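# Fold and contact review
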Amino acid sequence: MYLALYRKWRPKSFEDVISQPHITTTLKNEVQNNRLAHAYLFTGPRGTGKTTCSKILAMAVNCKHPVDGNPCMECESCKGIDDGSILDVVEIDAASNNGVDNIRQLREDANYTPSQCKYRVYIIDEVHMLSTGAFNAFLKLMEEPPSHVIFILATTETHKVPATIISRCQRFDFKRIQSEDIVERLLYITKEEKTFTLQEEAAQLIARLADGGMRDALSILDQCIAYSSEVTAEIVVDAAGIVGRDYLFEITDYILAHDAAGAVTLVDKLYSMSKDLQGLLEELIHHFRNIMLTKALGKPEKLVEVLPNEQEQLKSYAEKIPLTVVLRTISELQDCLDKMGKSIDRRLNLELYLVKLCTPSLNTTNDALVARIDKLEAMIQNGVVMQSISQQPTQKTVVAKKSKQEIASPNAVTTQPEQPSVSEPMEQSNVDGELQPFRDWAEVLEILKDKEPPIYGVLQGSMAYVGQGGLWIVSTSGFASTFMKQEGQANKLLDIVETKIGVRYRLRVKDKIKKAKEPNVNLLDDVLNNAKQLGVPVNEG
């Protein structure tokens, strides 16, 4: 019979337990120095080693020849406890044995001395599931425990355990296992098994999906091996039924472009592929969390768990999405997740929230209103609202959003010599009435100086105006328009401007070369010379 990987590779000594040195070192020292407590409380997320450490501790305290606090795994006690044949070590599932009668039976059994071991060890898993009456009955046993009994309580929800129980235990908090430790362990197991292969990128994806649980990671790997003996990142996506990162970035684009039709169509596509919609929602929340941390911290590599090739994508999105939009999106998606469990139609629930995110005017929450006010204030400060009011009533707003294809096109940068407001030297006093000075231009130049030095060098000393649907730049460098037409340069500038004020402009660049100063001419001398040539008498006295 096939043995699942998480059972086959369960650690047999404290050294094999990963990412929990603060716990394993203490337990080993207690065994070595014979300073054992009568009750232990192991808390933490699932799959982090609580039950594993419970069994190792049960073997170590009863081992005939312990090695540095670890069980030898050679004596009869270690072998019997490991295979479950020794009855002095009892595992109890409190989820199904949570009544008063169960605890009363335990109290009676605890009075008997162990038959084969030094200690009777009771491992009570999910102890928080005990009823109030059962906890009260158990408390009496905890207050006056027999000297030959050790209790090990394990739970994922410590807040549900009465304080009177917790205070009588040595408490150990298990941490989520670090992703790099999970990856290392998965690759080690793959090397030892020799029956399948595992790419490192696939191991990283499994570690991210496991969310700090080693047991979950091994279960996912088992599932992938059943799908294919050559486990790649694509196999993990298909076998685990998760949503790939490409879908997440695509949904993000739809939200930013306010394209509700595109977002809903994509959800329909994923639904038809039998993708788990709740899993998709959780991935989306995690994705926008990564954008938030990247935007807030700049270098969040230790907090953001993504594949290496995704780091640059996250930085790009973090630069162009206002923080208010990121926070509002996370809040809406979290609210959607909370309601999904109560919803009759999960698909409809997700579609509803995606339409709200893609249509800001439908969202009347405080966060959405604040985001719109922030955008409006930025527009007012840069004269966008004033210029739109001065236009004809039938004319559309000048800050219309451009499609991705139009923004990415090199033609987004053009020169407009026929526009009098930019074809002549412009000072604030004689700017065309439809153009307003871009008041944040100095700050934009400072940002360019740090992030895009080549663009800053070309635009240094330039003047900028907004109006007629665009950002108008007049430069005296002589080659700014040519430089900004190069692929990618326009978008870099426009992304920074959009991040700053929340508005996406078209870009217009005009090179204005300073004319050489003409020499002074004496007009009186010209008149005299002309008169002489015509024969007119001239008195030069």
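Keep in mind that this is a model prediction, so the values were computed, not measured.

Residues three or four positions apart in an α-helix share a direction because the helix packs 3.6 residues into each turn. An ideal rise of 1.5 Å per residue puts 18 Å on 13 residues; helix α2 (residues 21-33) measures up with 18 Å between its terminal C-alpha atoms. Three or more residues of α2 are buried, namely I23, T24, L27, K28, E30 and V31. The arc enclosing the buried residues of α2, seen along the axis, measures out at 160°, which places them on a common side. Looking at α2, the residues exposed on the side facing more than 90 degrees away from the buried face are P21 and N33. Lining the buried residues of α2 we find β1 (39-43), α3 (50-62) and β5 (170-173). Note on α2: the residue one or two positions beyond its end, N34, has a positive phi of about 55°.

A word on the environment of V183. With respect to the helices and strands, the residue V183 is situated in helix α8 (residues 179-193). If we skip the residues at most four places from it in the chain, V183 touches E200, A203, Q204 and A207.

Below, the discussion takes up the sheet that holds strand β3 (residues 120-125). As summarised here, the arrangement of the 5 strands in space is β2-β3-β4-β1-β5, forming an open sheet in which the pairing is parallel. Two strands in the sheet have a free side with no partner beyond their single neighbour: β2 (89-93) and β5. With strand direction ignored, the average angle separating the axes of adjacent strands in the sheet is 15°. Two elements, β2 and β3, share 5 bridges in a ladder whose sense is parallel. Among the inter-strand pairings, V90 is bridged to a residue of β3, identified as Y122. Running at roughly 135° to strand β4 (residues 149-155), helix α6 (residues 132-143) makes contact with β1, β3 and β4 of the sheet.

Attention now moves to the packing of aromatic side chains. Overall, the coordinates contain 9 aromatic pairs when judged by the stated rule. Relative to F174, the ring of F42 has its centre 5.3 Å away and its plane inclined at 65°; by these criteria the two rings are edge-to-face. Of this pair, F42 sits in strand β1 while F174 sits in the loop between β5 and α8, placing them 132 residues apart in sequence. Exposure class is identical for F42 and F174. Each is buried. A connected cluster of aromatic rings, assembled from ring pairs, spans Y40, F42, F172 and F174. Across from the ring centre of Y317, 4.6 Å away, lies the NZ or CZ of K320, which sits over that ring. The residue whose ring lies beneath K356 is Y353, and the NZ or CZ to ring-centre distance is 5.0 Å.

Summarising the model, the protein chain shows a mean pLDDT of 80, and 79% of its residues fall at 70 or more. Averaged over each element, pLDDT in the protein chain is lowest for helix α21 (residues 420-423) (33) and highest for β1 (95). Long-range and interchain partners of residues 386-431, a stretch whose pLDDT sits below 50, account for 70 contacts in this model, where long-range means more than four residues apart.

Our focus in this paragraph is unusual backbone geometry. Phi is positive for N34, which is not a glycine, with a value near 55°. For N34, the position within the fold is in the loop between α2 and β1. One non-glycine residue with positive phi stands out, namely M73, at about 65°. As for its placement among the helices and strands, M73 is situated in the loop between α3 and α4 (76-83). Relative accessible area serves as the criterion here: at 21%, M73 is assigned to the partly exposed category.

You can see Q223 is positioned in helix α10 (residues 214-227). Note on Q223: relative accessible area 42%, which makes it partly exposed. Through-space distance from the C-alpha of Q223 to that of A240 is 7.2 Å; in sequence the pair is 17 residues apart. In this structure Q223 touches A239 and A240, once residues within four positions along its chain are discounted.

Bringing the side chain of T190 into the picture now. Position of T190 among the secondary structure elements: in helix α8. The exposure class assigned to T190 is buried, which follows from its relative accessible area of 9%. Dropping the residues within four chain positions of it, T190 is found in contact with F196, T197 and L198.

This next bit is on the pattern of salt bridges. All chains considered together, the criterion is met by 20 salt bridges. E332 serves as the salt-bridge partner of K356, at 3.6 Å between the closest nitrogen and oxygen. With K356 in helix α17 (residues 346-358) and E332 in helix α16 (residues 323-340), this residue pair connects regions lying 24 residues apart in the sequence. Judged by its relative accessible area of 22%, K356 falls in the partly exposed class. Taking the relative accessible area as the measure of exposure, E332 reaches 6% and is therefore buried. For E498, the salt bridge goes to R504, with nearest N and O atoms at 3.0 Å.

Within the largest apolar cluster, 35 residues are counted, with the highest numbers of intra-cluster contacts made by L280, F288, I291 and L350. When residues of this core are traced back to their parent elements, those giving at least two are α12 (245-256), α13 (260-272), α14 (277-297), α15 (311-320), α16 and α17. F288 has contacts with T252, I255, V326, T329, I330 and L333, leaving out every residue within four places of it along the chain. Counting 27 residues, the second-largest nonpolar core is a separate cluster that includes L218, I220, C224 and A233.

The next thing to look at is the packing of α2 against α3. Orientation of α2 relative to α3, taken along the N-to-C sense of each, is 15°, at an axis distance of 10 Å. One finds that α2 runs roughly parallel with respect to α3. Our pair here, α2 against α3, has a crossing hand that is right-handed. Contacts from T24, L27 and V31 of α2 reach α3 at C53, L57, A60 and V61. Here the residues of the contact of α2 with α3 sort into 6 nonpolar, 1 polar and no charged.

The rules behind these values
- Residues numbered from 1 in each chain as written.
- Predicted model: local features only at pLDDT ≥ 70, side-chain atom pairs only at ≥ 80, totals over all residues.
- Heavy atoms only, no water.
- Helix = DSSP H or I, 4+ residues; strand = E, 2+ residues; numbered from the N terminus.
- Expected span 1.5 Å × (residues − 1).
- Buried < 20%, exposed > 50% of the residue type's maximum accessible area, 1.4 Å probe, protein only.
- Arc of directions from axis to C-beta.
- Contact = heavy atoms within 4.5 Å.
- Pairing = 2+ DSSP bridges.
- Axes fitted to C-alpha atoms, helices over the stretch in contact; angles between N-to-C directions.
- Phe/Tyr/Trp six-rings, centres within 6.5 Å; stacked < 30°, edge-to-face > 60°.
- Lys NZ or Arg CZ within 6 Å of the ring centre and 35° of its normal.
- pLDDT = per-residue confidence, 0-100.
- Salt bridge = Lys/Arg side-chain N within 4 Å of Asp/Glu carboxyl O.
- Core = buried A, V, L, I, M, F, W, Y, C linked by side-chain atoms within 4.5 Å.
- Parallel < 35°, antiparallel > 145°, perpendicular 65-115°, else oblique.
- Left-handed = near helix turned anticlockwise from the far one by under 90°.
- Nonpolar A, V, L, I, M, F, W, Y, C, P; charged D, E, K, R; others polar.

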